[in-house]
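# Geometric and topological summary
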Amino acid sequence: MCGPHAIPEAPARLGRFLSDGHHGQMGWMGERVAWRGDPRALWPECRSVVMLAHSYAPEHDPLDDVGRAGTGAVSVYAQGRDYHDVVKKALKRVGRWLVEEAGCAIKVFVDTAPVMEKPLAQAAGLGWQGKHTNLLSRDWGNWAFLGAIFTTLELEPDAPEGEHCGSCTKCLDICPTDAFPAPFRLDATRCVSYLTIEHRGPVDPALRRGIGNRVYGCDDCLAVCPWNKFAVAAADLRYHGPHRAPSLGALVTLDDAGFRARFAGSPIKRIGRDRMVRNALYAIGNDLRDGGDPALAEVARELVDDPDEGVADAARWAVEQVA
Ligand code: B12
Ligand code: SF4
Ligand code: SF4
């Protein structure tokens, strides 16, 4: 729990992120900036913020899937059911209880609203923002989604959590695209998560090698964090889903209908067929460069005239990578 004025340093830090252009094509981050930095600007009646963390800790080491020939790596958060639905239901349950017990008004948020969930969660004592910028805890590591309940109720705030990264730099060192200009700061335009999920059109060729076989998101900086030794695999089985390590051959041959059917109910659905096929072609190019199965070059060749320019460009690039 924290008060609505608990993150006074966040607006300036968000301002710097934006003025440095670190948001890339995520133009929506530059909208409603005042709301992002201050829950009271978003909802003047808000008196307290209740923050929730929902574990999606994996049963396996996500780094095992990185660089595996012929398959794509999908970030843990997207291997099962869409967390927006799961977390929102959990938030609404808690919110309904609050309303019934205290007769207050509430608003619930998961990810899609102009709310800065990580600094709020730190202010509410759930954990701290590590050098990789995600929220982590000494009890459950960094595998948790965040959600927020804004309420008109005055609640006793919890003590904010301090930082416990110390001299560790594991997350900064492993990043395949060098996306951290400094500890605690991310240049999203270099982050594989941004490149594979948010970025439309061709990716800067200089960053394609770093994408490796990651076809949706990236977990490297999360997976190396030593605090995960305290994480217990998520009890919610909906997160341990079917989309881990898909075959690259199967991904690149998807059409729109096939893509939608395969990823119904998953957060992956949001990126659409074109972006997924583009990502799979970068993975194929990297696989071929490492001496992978030449049959994949033939599959890529069939897409060099795809109507989507991102796909066609990625297909041409993939074919050129044959070792
Ligand atoms: C935009 C966004 C992205 C962008 C940008 C990420 C980023 N770090 O900003 C991209 C697409 C890259 C992304 C990727 C991922 N995301 Co995301 N994303 C968001 C979103 C929508 C907004 C984040 C935001 O406001 N960024 C703007 C920057 C300025 O804010 P910030 O990251 O808090 O930055 C702080 C630090 O830079 C710090 N800071 C700056 N300077 C300094 C200096 C010092 C000295 C210090 C101490 C601190 C400091 O202060 C800033 C303000 O608090 C949130 C949901 C939400 N509404 O909050 C989810 C969210 C952060 N994402 C989430 C997840 C799971 C991911 C991925 C792990 C997914 C994946 N596996 O691919 C990756 C992780 C990549 C990474 N290393 O951050 C979760 C994180 C949960 C958690 N435990 O923290 C969130 C909270 C969604 C959710 N509801 O659960 N994401
Ligand atoms: S998610 Fe991957 S690319 Fe993005 S900062 Fe972390 S390690 Fe780097
Ligand atoms: S890997 Fe190390 S530096 Fe990075 S968040 Fe974890 S403890 Fe902090």
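Residues numbered from 1 in each chain as written. Chains lettered and ligands numbered in written order. Predicted model: local features only at pLDDT ≥ 70, side-chain atom pairs only at ≥ 80, totals over all residues. Heavy atoms only, no water.

A separate point is the site of ligand 3. The environment of ligand 3 is made up of Gly 130, Lys 131, His 132, Cys 165, Cys 168, Cys 171, Cys 225, Pro 226 and Trp 227. In terms of residue class, the shell around ligand 3 is built from 6 nonpolar, 2 polar and 1 charged. (Near = heavy atom within 4 Å. Nonpolar A, V, L, I, M, F, W, Y, C, P; charged D, E, K, R; others polar.)

This brings us to the sheet that holds strand β1 (residues 48–55). The 3 strands lie next to each other as β1-β6-β3, forming an open sheet whose pairing is antiparallel. Sheet topology places β1 and β3 (106–109) at the edges, where each strand pairs with a single neighbour. With direction set aside, neighbouring strand axes in the sheet form an average angle of 20°. When β1 meets strand β6 (residues 144–151), the two strands line up antiparallel, connected through 8 bridges. Bridged to Met 51 within β6 is Ala 148. Against the sheet, helix α4 (residues 83–102) touches β1, β3 and β6, its axis set at about 35° to β6. (Pairing = 2+ DSSP bridges. Helix = DSSP H or I, 4+ residues; strand = E, 2+ residues; numbered from the N terminus. Axes fitted to C-alpha atoms, helices over the stretch in contact; angles between N-to-C directions. Contact = heavy atoms within 4.5 Å.)

This part covers helix α1 (residues 10–19). Of the residues making up α1, those classed as buried are Ala 10, Leu 14, Phe 17 and Leu 18. For α1, the angular spread of buried residues about the axis comes to 95°, placing them on one side. Exposed side of α1, more than 90 degrees from the buried face: Ala 12 and Ser 19 are the residues found there. Contacts made by the buried residues of α1 are with α2 (33–37) and α5 (117–123). (Buried < 20%, exposed > 50% of the residue type's maximum accessible area, 1.4 Å probe, protein only. Arc of directions from axis to C-beta.)

In the region of ligand 1, 38 residues are neighbours, and Glu 117, Lys 118, Leu 135, Phe 184 and Ser 193 sit closest. Within the contact set of ligand 1, a nitrogen atom lies 2.8 Å away from a backbone nitrogen or oxygen of Val 115. Here a nitrogen atom of ligand 1 and a backbone polar atom of His 132 are 3.1 Å apart. Class assignment of the residues belonging to the shell around ligand 1 gives a composition of 23 nonpolar, 8 polar and 7 charged. (Polar contact = N/O pair within 3.5 Å; in protein donor to acceptor, adjacent residues only side chain to side chain.)

Attention now moves to empty space enclosed by the protein. Inspection of the entire model under this criterion finds 1 cavity of 30 Å³ or more. Here the largest cavity is characterised by a volume of approximately 90 Å³. Along the walls of the largest cavity sit 14 residues, with Pro 62, Val 66, Ala 73, Val 74 and Asp 219 positioned nearest its centre. Residue composition of the lining of the largest cavity, by class: 7 nonpolar, 3 polar and 4 charged. (1 Å grid on protein atoms, 1.4 Å probe; cavity = no way out; pocket = protein on both sides within 12 Å on 5 of 7 lines; lining within 4 Å. Points joined across faces, edges and corners; volume = space filled by probe spheres on them.)

Here we come to the nonpolar core. Core analysis: the largest hydrophobic core is formed by 92 residues, its most contacted members being Phe 150, Tyr 216, Met 276 and Leu 281. Of the residues forming this core, the biggest block, 8 residues, is contributed by helix α12 (residues 272–289). (Core = buried A, V, L, I, M, F, W, Y, C linked by side-chain atoms within 4.5 Å.)

Before going further, it helps to examine the side chain of His 84. Structurally, the position occupied by His 84 is in helix α4. For His 84, the side chain forms a polar contact with the side chain of Asp 82, separated by 2.7 Å. Aside from chain neighbours lying at most four places away, what touches His 84 is Val 110, Asp 111 and Thr 112.

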